[in-house]
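# Descriptive structure summary
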Amino acid sequence: MSKILVSGGTGYIGSHTVVELQNAGFEVAIIDSLANSQIDVIDHIEQITGKRPEFYQFDLKERHDTRAVLKELDNIDAVIHFAAYKSVGESVANPFKYYRNNLQSLMNMIDGMNRNHVRHMVLSSSCTVYGQPDVLPVTEQSPVKPADSPYGSTKQISEQIIQDAIRSGLDMNAIALRYFNPIGAHESAKIGELPVGEPNNLVPYITQSVAGVRGQLKVFGNDYNTPDGTPIRDYIHVVDLAKAHVVAIKRLLEGKNKANYEVFNLGTGTGNSVLEVIKTFESATGQNVNYAVTDRRAGDIEKVWADTTLANTELGWKAEKSLADALRSAWNWEKNYRNI
Ligand code: UDP
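Reference entry: report on the structure contained in this document. Keep in mind it's a predicted model, so treat the numbers as computed, not measured.

### Focus: the site of the ligand
Close contacts around the ligand come from 14 residues, with L202, K218, R233, R297 and D300 the closest. The side chain of N201 places a nitrogen or oxygen atom 3.1 Å from an oxygen atom of the ligand. L202 has a polar backbone atom sitting 2.9 Å from an oxygen atom of the ligand. In the complex, 88% of the free accessible area of the ligand, which totals 510 Å², lies under the protein chains. Counting residues per element, the shell around the ligand draws most heavily on strand β8 (residues 217-220), at 4 residues.

### Side note on unusual backbone geometry
Look at the link from L136 to P137: it is a cis peptide, with omega at -5°. Positive phi, close to 60°, is recorded for H117, a residue that is not glycine. Along the chain, H117 falls in the loop between α5 (95-115) and β5 (120-126). On the basis of relative accessible area, H117 is assigned to the exposed category, the value being 68%.

### What about helix α1 (residues 12-23)?
Think of an α-helix as 3.6 residues a turn; residues three or four steps apart then line up on the same face. The terminal C-alpha atoms of α1, which comprises 12 residues, lie 17 Å apart, in line with the 16 Å expected from a rise of 1.5 Å per residue. With 11 of 12 residues buried, α1 lies mostly within the body of the structure. Regarding α1, the residues found buried are Y12, I13, G14, S15, H16, T17, V18, V19, E20, L21 and Q22. Downstream of α1 by one or two residues, G25 has phi in the positive range, about 100°.

### Digging into the packing of helix α3 (residues 63-72) against α5
Where α3 contacts α5, the axes come no closer than 9 Å and their chain directions differ by 35°. Viewed along their axes, α3 and α5 form a crossing whose handedness is right-handed. Facing α3, whose interface residues are R63, T66, R67 and L70, α5 presents N108, M109, D111, G112, M113 and R115. Residues of the contact of α3 with α5, tallied by class, amount to 3 nonpolar, 3 polar and 4 charged.

### So, the environment of V196
Here V196 is to be found in the loop between β7 (181-183) and α7 (202-210). A relative accessible area of 61% means that V196 is categorised as exposed. Placed 32 residues apart in sequence, V196 and D164 show a C-alpha to C-alpha distance of 34 Å.

### Brief notes about the pattern of salt bridges
The full count for this structure, using the stated rule, is 21 salt bridges. Between D300 and R297 there is a salt bridge whose closest N-O contact spans 3.2 Å.

### Considering the packing of α5 against helix α6 (residues 150-167)
At a minimum axis distance of 10 Å, the contact between α5 and α6 shows a crossing angle of 25°. In terms of axis orientation, α5 runs roughly parallel to α6. Every pair of crossing elements has a handedness; the one defined by α5 and α6 is right-handed. Together, P95, Y98, Y99, N102, L103, L106, M107 and I110 of α5 and P150, Y151, S153, T154, I157, S158, I161, I162 and A165 of α6 make up the contact between the two elements. Here the residues of the contact of α5 with α6 sort into 13 nonpolar, 4 polar and no charged.

### Things to note about the packing of aromatic side chains
Applying the stated rule across the entire model yields 4 aromatic pairs. Seen in terms of ring centroids, W333 and Y337 are 5.5 Å apart; in terms of plane orientation they differ by 35°. Their pairing is tilted. Highlighted residues: W333 and Y337, both in helix α11 (residues 323-338), separated by 4 residues, approximately one helical turn. Residue W333 is classed as buried on the basis of its relative accessible area, which comes to 9%. Of the residues examined, Y337 reaches a relative accessible area of 42% and is grouped as partly exposed. One Lys or Arg, K97, reaches over the ring of Y85 and ends 5.0 Å from the middle of that ring. Here R296 stacks its cationic end above the ring of Y224, 3.8 Å away from the centre of that ring.

### A look at the side chain of N173
With respect to the helices and strands, N173 occurs in strand β6 (residues 173-179). In terms of polar contacts, N173 uses its side chain to reach the side chain of N260, at 2.9 Å. Once you skip the residues sitting within four places of it in the chain, N173 turns out to touch R119, H120, M121, L252, N257, A259 and N260.

### Side note on the sheet that holds β5
Taken together, 7 strands build an open sheet; the order of strands is β3-β2-β1-β4-β5-β6-β11 and the sheet is parallel. In the strand order of this sheet, the two ends are held by β3 (54-57) and β11 (261-266), each with one partner. Each strand of the sheet is rotated relative to its neighbour by a mean of 20°, with strand direction disregarded. Looking at chain direction, strand β2 (residues 27-32) and β3 are connected through 4 bridges and run parallel.

Reading the values: the criteria
By convention here, each chain's residues receive numbers from 1 onward along its written sequence. The predicted origin of the model limits local features to residues at a pLDDT of at least 70 and limits the giving and counting of side-chain atom pairs to 80 or more, whereas totals for whole chains, interfaces and linings rest on all residues. By convention in this description, side-chain values take in all heavy atoms of the structure and omit both hydrogens and water. Each residue is tested against the molecule or strand, and it is near if at least one of its non-hydrogen atoms lies within 4 Å. For the purposes of these results, a polar contact is taken to be a pair of N or O atoms within 3.5 Å, where, inside protein, one atom must be able to donate a hydrogen and its partner to accept one; residues adjacent in sequence count only when each atom of the pair is a side-chain atom. Surface accessibility follows the Shrake-Rupley procedure with a 1.4 Å probe radius. Residue values consider only the protein chains on display as shielding. Counting from the N terminus, the helices are the DSSP runs of H or I reaching at least four residues and the strands are the DSSP runs of E reaching at least two. Burial classification: accessible surface area is computed with a 1.4 Å probe over protein chains only, and a residue below 20% of its type maximum counts as buried, one above 50% as exposed, and the rest as partly exposed. In a helix, the anticipated span is given by 1.5 Å times the number of residues less one. Axes, fitted as lines to C-alpha atoms, cover a helix only where it is in contact. Angles between the N-to-C directions of the axes lie from 0 to 180 degrees. Two helices cross in a left-handed way if the nearer one is turned anticlockwise from the farther one by less than a right angle. They cross in a right-handed way if the turn is clockwise. Contacts are residue-level and defined by heavy atoms, with any inter-residue pair within 4.5 Å sufficient. Throughout, the ten residues Ala, Val, Leu, Ile, Met, Phe, Trp, Tyr, Cys and Pro are labelled nonpolar, Asp, Glu, Lys and Arg are labelled charged, and all others, Gly among them, are labelled polar. Salt bridge, as used here: a side-chain nitrogen of Lys or Arg that lies within 4 Å of a carboxyl oxygen of Asp or Glu. Orientation labels follow simple angle bins: below 35 degrees gives roughly parallel, above 145 gives roughly antiparallel, 65 to 115 gives roughly perpendicular, and whatever is left gives oblique. Ring pairs are drawn from Phe, Tyr and Trp, using the six-membered ring of Trp, whenever the two centres fall within 6.5 Å, and their geometry is named by plane angle: stacked under 30 degrees, edge-to-face over 60, tilted for the rest. We call a charge positioned over a ring when the NZ of a Lys or the CZ of an Arg lies within 6 Å of the ring centre and within 35 degrees of the ring normal. The rule for pairing is simple: two strands pair if DSSP sees at least two bridges between them.

In structure tokens:
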């Protein structure tokens, strides 16, 4: 049985991926600083899968801790590296925090892997690397645009760090997965998205607003060049996304990768506007969303959705769940978390 080390494994996408890895028969060890997640996620993972992942709480910025844990875990076959700060707004206000954390942690992880002969890594990347694309849908060949935020920069630089590490001669295979907009929660409603403080993202804002934890949802602008004037994104169910990580890990472990470094877009291939998300949420859950259109949010791009051909053909992976499934699961998670 192969063993996978998941950094950031108690976070939103990390925890869903741990569940899918365990369901697929992998052993899992998690590293997380708990800077942005809760320890009881481990209990919830165990409730879902019947298996308790190993857990190490420390900060990957600490190089010696990283080396020591990787040494202690001397039977790791591959790493999935999620651990990173992810708030766009906070990264603009505090760029060094983002560069220091997101880049140092990755370099320490690669260093620890190299010293302990772990050769395979799946990296969590983002469609933010494309900025506002000139051509839609976005393929992996679309140009990487200058990032709008230090957060976005750290994703671009993280991809570059891995490529440079490989070019320097490190014996390493890596797959970078560029996520579009992950939403939703596990069908058990035991794990889901739990932003610290006021949510920045659309779907947690909707569910918290409907739950009465937040006020009215602000729709940031309806004067974009889109059919209903609101921006378009490719919203992908987090469980579909998690399953893609299992496929990527198997590809590496089975030696099916075609290069030392590969990149895949992970989306549904369909774009939906903010108003479509609200309407779909209402019809999927029977709840009303209280919203008002306000000014645009600085830095928002107009429209982006994925060309998923490469992931479909090369990974043999395809998003299976609908937008309504994802929104219903997000609401079920919110209700369960708030005891509604
Ligand atoms: N959005 C909104 N109100 C909110 C949060 C987001 O209208 O409270 C819009 C935002 O302008 C964007 C879309 O929802 O068009 C998705 O935003 P999110 O922050 O979830 O993802 P990202 O902008 O990073 O793609």
